[in-house]
Structure formats: structure tokens, C-alpha cells
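# What the coordinates show
Okay, here's what each chain looks like letter by letter:
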Amino acid sequence: MSAEAIRVGMRRPARGLFVHQLRSEQLVFWRSREAAFFIFLFPLLLFVLLSSVYDGKIYGVPAPEALLAGLIGYGCANTAFAGLAIQLVIRRENGILKRLRATPLPPATYIASLLVSTLIVFAMQTVALFLLGRALNGTPFPSDVASLVAAVVIGAAVFAALGTAIASVIRSAEGSSAVVNAILLPMAFLSGSFGSTLHYPAFLRAVGDVLPLKYFIDLVNAVYLHGHGVWTQPQDLAVLAVWGAAGLVFTMFRFRWEPREP
Amino acid sequence: MHAIEVSGLRKAYGNLEAVREVDFAIEEGEVFGLLGPNGAGKTTTVEILEGYRKRDAGEVRVLGHDPARPGPDFRERIGVVLQQSQMWPNLTVRETHAIFAGYYRAPRDVDEVVALVGLRDKANERVKTLSGGQKRRLDLGIALVGDPDLVFLDEPTTGFDPQARRAAWEMIRSLRSLGKTVLLTTHYLDEAEQLSDRVAVMREGRIVRVGTPAELTTTDLQTEIRYRQNGEEVLVRTDEPTRVLAELTSAAVARGEELEGLQVRRPSLEEVYLALTAEEEQG
Ligand SMILES: Nc1ncnc2c1ncn2[C@@H]1O[C@H](COP(=O)(O)OP(=O)(O)OP(=O)(O)O)[C@@H](O)[C@H]1O
Ligand SMILES: [Mg+2]
């Protein structure tokens, strides 16, 4: 075969590039112990811990079930918002994003594979939560799997949009984890990730009422605890859509590929 | 054919005019060295050509593309070593090369490139365990793995030990023998002299001199003739070394003397460079 024939023969469709980049992203993610621990494992540990200390009922359902739903919410924000934002800031400030821009990998393919890679991690985490809950606390699997899958995808998309938005604001790799966790942890508390918020003071509940995580947990509660379809919750979906759109628009205007100049 | 053509290029950052009226052209297959002190505008120029930065004015053609609006095969055909960059710390050298190879239609063999940049022994080590110079070799490897026609090297050998530098020179020479075009910036004048077909000296956003290293060293400064007479060092600078030398030696022969320690020196590129960049500083 001539050199020219090899060139033409190896011309890859865009889908090939996407799969290549998705595999690369997964390799990068799982190879980093810190990412694999704090992003994937930590919510699972929290679930085991919390479900062993709470008993009785939360929202009128067995505590482990409510906690499982709450930790799906926490896991979503932790993976798609916090984890994604920290990874993006580090890569941007290290010049990895800039370097990738000089390759034929299209930016849209890069972003798409990063988002799908994030979704894969969060989906695996959700499955692990259900398996753990079943094994340790006898929690049921979701009755409406399609609705739960839809909720997981919607949540990952909304929080990834917010994650890329916050990554556009954070200026240094060193500070990224602090900034992101300063948002994530209060949000998770106020939104009821770690138990009911009914006994919180009214003003704290009011703050929680504007945060996207509360609406995502509401959605998961509706689907998992009460067996409603995801489309029966238009209010939750509307609030999530507004937050997601805000994150997306902000990202489109403010996202940078290059590190800040020294 | 020109691989790169630049005319009237300008770029300002706020009030700072980093590049002012730069013109040059690089032939296909040429190794072109861009020299100049810190802040001269080398990286700004190179990153405009790579498509990273927007120019304020001027015409730029790189492999027939306008890098501000490149066609789809532009990035297939360029290789880039940035002045500063890092890679995923937890991947191995080989994995990193393989990921980059996967971005190109017709990449080079990954193991071959890893060996070419002298990282064969480190192929399965994680990037974070590499030394500074070894990381720079990784940058070089991933710039070459796509088999580019045009390679931009922004201070590629910074941090290299002398052996690694020689090896990188060999590699850059081998790129030229394959017909690739190379745009190289460096602060090592011996490197520029060894590798470049032509060099351009930049100073405060302008190109103050372009030519082959030989042209720069013969036309820019006078030849130095040194000898000792009655124990005293004598230094003559001249544009006509042949005539001056003939006069000196014939006079000495006529007197029956030896011109002790006679030396005839062309200035080095470094001296020319220092003269060119200092001159401007006063002006
Ligand atoms: N993104 C930027 N924003 C503002 N000023 C910049 C930016 N990039 C470069 N400059 C300024 O422009 C001038 C030229 O910088 P440039 O990086 O092109 O120089 P250089 O010749 O590559 O220098 P060095 O040899 O130190 O790498 C400098 O004064 C620098 O401070
Ligand atoms: Mg520079």
C-alpha cells in the first residue's frame, strides 16, 4: 500500500475520535487516585456511614431509602459539578486544554466526551449506591428504571453546565478545590442530601429552596421513593432547566481554554 | 513554496505593542530560528501562527491557511511544542503518546516516537515521575507523533542536559532531512547556529535582522585580528581582514619578527546577537 493509500485508509469518522477521547478520559479519571476516591468512592462511604447512624423514617419512608436518594443528589453535584470543575481548572491552568486545541480533536468532541465520561462515572456511582443499599439496608431497586435513568442524565447535564460555569470563574488550580467545596457542601446540607431539612430554621430552608440540588433531590425522591414518572414533576424540571441554561450561557461567554498569563 | 508567510503583523496587549510590523517568510523544508531577548514577542508571533492568538493587523499564511480561520486539515499538519505546558501526571509516557496519536489520521508509530525522543526507558513510567528535561522530551514526542509537515518549537530544549540537547539537534536535523519545516525559538545561540538555515533576531516586537547564520556573522560585525607585540595585546577590528592581515604579516616578515599569538576571528552569532539587541536598546 502506498503512503497516500494509508493516509486515506486511516481517515477516521468523527465517532472514532469521540470513542478514542472517551476512553482517554476514562483512563485519565480512574488512573488518578484522588479523583477516583473523592469523586467516585466518597459519596458511597457517606451513604454507608449515614445509613448506619440514622434509623426510623425520613419523609415517611425508611431512612436508608431517603438517604440513598439524597446521596444520589450529592453524588451528582460532587461528580458533575465539583469533580468536573476541579478537573477542568487543573487542565486549563496546566496548559493541557491549550495543547489539545492544537490537535485535530474538535473542541465539541472534547467537551462531549468529557461530559459523557462524567455521566458514566455518576451512573456507575448510582448503580453502586443501589447495590450497596440493597446489600446493607435492604433498600429496593427503583420501580421505574427509565425515569430514574432520565433523572440521572438530566441531573448530570444540569450540574455539568454549572461545573463548567464555575470552572470559568475560578482562577487558580490550587484554589479550585476549596472554592468548589465551599459551594458544594453547604448546598448539599441545605438541599437535604444528608437527611431531612424540615427541622432547619426557615431562612436556611429558604436558601435551600433556590438551589438546584434541592430540585434534583426532589425529582429523585419522586421517582425512587414514590414511584412517579420523571415527567410528572414539571416544577422540578423547570427549575433545573433554568439553572442548567444559566450555567450553559455563562460557560459560553466566559469559558477559556488557556491558562491565565503568569 | 512558502510554508509560512507573514507581512505587516501587529499585536498589542492593551497599551503594550508586543509585535509591531513583522514580515518574514519561511520556505518549505527550512529550519527557521527566531531569536530575541525575553519579551521580544517571539511567543506572541508563534502563537498567532499556531492559531492561538488573534492578530490586530497584517497578513498571515501558514500552509496556505489563515490560522485565525483554519481549514480542517490545518491541525493535522502542524506539530506544536508550547513554551509551557504539562500533561496528565498519572498517565505513562506511552499512553500519553498513544492518546495524541489517536487524534491524527496518519500518526507515526508510538514506540518509534518514544524512542526517537529518548524516552524508551521511561515508556511505562508515569509522567509525574519524569525530570524536567524528560517532560520536555515528552512535549517534543507528542508534537511529532501526528507526523506534521510543519513543527513549531517554542524553546524546545530548555532544561535539557548537553547530551539531550545534542540528541534533540539530531532529531531536528532528521526532521529537516524528511522535508519538514521547523520554526524554532531559542535562547541558545549555538543551537540556532547549529540548526537553522536562517535566523531572525527580534527586539521589542520588530525583526531587526534576518539571514543565514553565516551572513549575520560576516556582515554584521567586523573581523577581529589579535596578536602580541612587545608583550602587549593588540586588537584590530576591520571590514577588510585580507588586506589588513597582508599588511601586518608582510611588515612583520620584513622586520624579521613573529606576530605572537596571531588570531583571526569572525564574530560568533552570540556577539552579533548581543550587538543587535543592545544597539536597539540605546536607540
Ligand atoms: N497574554 C498576554 N497578555 C498581556 N501581555 C502579554 C501577553 N502575552 C505576552 N505579553 C507581553 O508581550 C510581550 C511579548 O511577550 P512574548 O511572550 O511574545 O515574548 P517572548 O519573546 O516569547 O519572550 P521569552 O523569551 O521570555 O519567552 C511581553 O512584554 C509580555 O509581557
Ligand atoms: Mg516566549
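Scroll up a little and you will see the structure.
Below you will find a few notes about this structure. Since this is a predicted model, take the numbers as computed values, not measurements. (Residues numbered from 1 in each chain as written. Chains lettered and ligands numbered in written order. Predicted model: local features only at pLDDT ≥ 70, side-chain atom pairs only at ≥ 80, totals over all residues. Heavy atoms only, no water.)

Residues and elements named next belong to chain A. Two elements in contact, helix 6 (residues 107-137) and helix 7 (residues 145-169), have axes separated by 10 Å at closest approach and are oriented at 135°. Classified by the interaxial angle, the pair formed by helix 6 and helix 7 is oblique. Here helix 6 and helix 7 pass one another in a crossing that is right-handed. For the pair helix 6 and helix 7, contact is made by Leu115, Leu119, Phe122, Thr126 and Phe130 and by Leu148, Val152, Val153, Ala156 and Ala160, respectively. Residue classes in the contact of helix 6 with helix 7 are distributed as nine nonpolar, one polar and no charged. (Axes fitted to C-alpha atoms, helices over the stretch in contact; angles between N-to-C directions. Helix = DSSP H or I, 4+ residues; strand = E, 2+ residues; numbered from the N terminus. Parallel < 35°, antiparallel > 145°, perpendicular 65-115°, else oblique. Left-handed = near helix turned anticlockwise from the far one by under 90°. Contact = heavy atoms within 4.5 Å. Nonpolar A, V, L, I, M, F, W, Y, C, P; charged D, E, K, R; others polar.)

The magnesium ion (ligand 2) binds to the protein through Thr43(B) (OG1) and Gln83(B) (OE1); the donor distances cover 1.9 to 2.1 Å. Residue Thr43(B) is located in helix 1 (residues 42-50), and its partner Gln83(B) is located in the loop between strand 5 (78-81) and helix 3 (93-101); the two are separated by 40 residues in the primary sequence. (Donors = N, O, S within 2.8 Å, 3.2 Å for Na, K, Ca; no water.)

With that settled, consider the pairing of strand 10 (residues 223-229) of chain B. Residues and elements named next belong to chain B. Where strand 10 lies against strand 11 (residues 232-238), seven bridges are found, and the strand directions are antiparallel. Residue pairing across strands places Arg228 opposite Glu233, the latter belonging to strand 11. Where strand 10 folds back onto strand 11 in an antiparallel hairpin, the turn is made up of two residues, including Asn230, whose phi is positive at roughly 50°. (Pairing = 2+ DSSP bridges.)

The next subject is helix 6 (residues 162-177) of chain B. All names here are of chain B. The terminal C-alpha atoms of helix 6 lie 23 Å apart, and with 16 residues this matches the ideal 22 Å at 1.5 Å per residue to within 8%. Listed in full, the buried residues belonging to helix 6 are Ala164, Arg165, Ala168, Trp169, Met171, Ile172 and Leu175. Down the axis, helix 6 shows its buried residues gathered within 165° of arc, on one side only. For helix 6, exposure combined with an orientation more than 90 degrees from the buried face picks out Pro162, Gln163, Arg166 and Ser177. Once helix 6 finishes, Gly179 follows within two positions and takes phi at roughly 85°, a positive value. (Expected span 1.5 Å × (residues − 1). Buried < 20%, exposed > 50% of the residue type's maximum accessible area, 1.4 Å probe, protein only. Arc of directions from axis to C-beta.)

There is a patch of nonpolar side chains on the surface, built from Phe37(A), Phe38(A), Leu41(A) and Leu45(A) and spanning about 360 Å² of accessible area. For Leu45(A), the location among the structural elements is in helix 3 (residues 33-53). (Patch = residues over 30% accessible without salt bridge, like charges linked within 9 Å, V, L, I, M, F, W, Y side chains within 5 Å. Areas by Shrake-Rupley, 256 points an atom, 1.4 Å probe, with all protein chains shown as cover. Salt bridge = Lys/Arg side-chain N within 4 Å of Asp/Glu carboxyl O.)

Here we take up the side chain of Arg165(B). One can find Arg165(B) in helix 6. Sequence-distant contacts of Arg165(B), that is, excluding residues within four places in its chain, are made with Thr157(B), Phe160(B), Tyr188(B) and Glu191(B).

Take the site of ligand 1 next. Close to ligand 1 lie 16 residues, the nearest being Gly39(B), Lys42(B), Thr43(B), Thr44(B) and Gln83(B). Close to ligand 1, residues of chains A and B are found. Here an oxygen atom of ligand 1 sits 2.9 Å away from a polar atom, N or O, in the main chain of Gly41(B). A distance of 2.8 Å separates an oxygen atom of ligand 1 from a polar atom in the side chain of Gln83(B). Compared with its free state, where it exposes 630 Å², ligand 1 has 70% of that area covered by protein. (Near = heavy atom within 4 Å. Polar contact = N/O pair within 3.5 Å; in protein donor to acceptor, adjacent residues only side chain to side chain.)

Take the nonpolar core next. Counting residues in hydrophobic clusters, the biggest one holds 108 residues, and the most contacted among them are Phe159(A), Phe216(A), Trp88(B) and Tyr103(B). Broken down by element, the residue count for this core peaks at 18 residues, all from helix 4 (residues 63-94) of chain A. With sequence-adjacent residues up to four places away left out, Trp88(B) is seen in contact with Val28(A), Arg91(A), Ile96(A), Leu100(A), Thr96(B), Ile99(B), Phe100(B), Tyr103(B) and Val127(B). (Core = buried A, V, L, I, M, F, W, Y, C linked by side-chain atoms within 4.5 Å.)

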